[in-house]
Amino acid sequence: VWGGLGGGNPWATKTAAYTAVAGDRLFVDTSSAAVTITLPASPATGDQITFMDVSGTFDTNALTVARNGQDIFNLAQDLTVTTEHSAFALVYTGSTNGWKQLNLA
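Structural notes, computed from the coordinates.

Conventions adopted
- Residues numbered from 1 in each chain as written.
- Predicted model: local features only at pLDDT ≥ 70, side-chain atom pairs only at ≥ 80, totals over all residues.
- Heavy atoms only, no water.
- Buried < 20%, exposed > 50% of the residue type's maximum accessible area, 1.4 Å probe, protein only.
- Phe/Tyr/Trp six-rings, centres within 6.5 Å; stacked < 30°, edge-to-face > 60°.
- Helix = DSSP H or I, 4+ residues; strand = E, 2+ residues; numbered from the N terminus.
- Lys NZ or Arg CZ within 6 Å of the ring centre and 35° of its normal.
- Pairing = 2+ DSSP bridges.
- Contact = heavy atoms within 4.5 Å.

**Quick look at unusual backbone geometry**
(1) Moving on: Despite not being glycine, Asn68 shows a phi value in the positive range, around 55°.
(2) Moving on: Note on Asn68: relative accessible area 32%, which makes it partly exposed.

Next comes the structure, spelled out in structure tokens:
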């Protein structure tokens, strides 16, 4: 599959609930309220989603990554991120282990 220069979809800013698609690179702005990003329902192995706390406010208004039926870190629960200025990517490893963190910043 061909992607844009820089390794994926263009960066997009999200300030409200959103359902991610493979290759999304998201600036998440929680300066006004908490935001929930829902992972794709039927991901393919190797699909990636990248998140960045663009406003530095995850500690005040959290990012929730909704699992949409697949495990995150081998757990059947959503991921809540409360560390300001977090930036990370999740990669789908398959139905056995689900979504795993690709990097940490």
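**Concerning the packing of aromatic side chains**
Within a pair of aromatic rings, the relevant descriptors are the distance that separates the centres and the angle that separates the planes.
(1) Moving on: One pass over the full model with this rule turns up three aromatic pairs.
(2) Moving on: For the ring pair Phe51 and Phe88, a centre distance of 5.0 Å and an interplane angle of 25° mean the geometry is stacked. Of this pair, Phe51 sits in strand E5 (residues 48–53) while Phe88 sits in strand E8 (residues 87–92); the two residues are 37 residues apart in sequence, bridging distant segments of the chain. Considered together, Phe51 and Phe88 belong to a single accessibility category, that of buried residues.
(3) Moving on: Of note, Lys14 hangs over the ring of Tyr18, and the distance from its end group to the ring centre comes to 4.0 Å.

**Remarks on the pairing of strand E4 (residues 35–38)**
(1) Moving on: Sheet analysis places strand E2 (residues 18–19) next to E4, joined by two bridges and oriented parallel. Bridge pairing links Tyr18 to Ile37 in E4.
(2) Moving on: One ladder, built from four bridges, connects E4 with strand E6 (residues 63–66); its direction is parallel. Within E6, the position partnered with Thr36 by the bridge is Thr64.

**So, the sheet that holds E4**
(1) Moving on: If you walk across this open sheet you meet the four strands as E2-E4-E6-E7, and the pairing is mixed. Each edge of the open sheet carries a strand with a single partner, namely E2 and strand E7 (79–81).

**Details of the environment of Asp47**
(1) Moving on: Inspection of the secondary structure assignment puts Asp47 in the loop between E4 and E5.
(2) Moving on: By relative accessible area, Asp47 is classed as buried at 18%.
(3) Moving on: A C-alpha to C-alpha distance of 9.4 Å links Asp47 and Asp24, two positions 23 residues apart in sequence.
(4) Moving on: With sequence-adjacent residues up to four places away left out, Asp47 is seen in contact with Ala22, Leu90, Val91, Tyr92 and Trp99.

Note that all results are geometric; they support no functional claim without further evidence.
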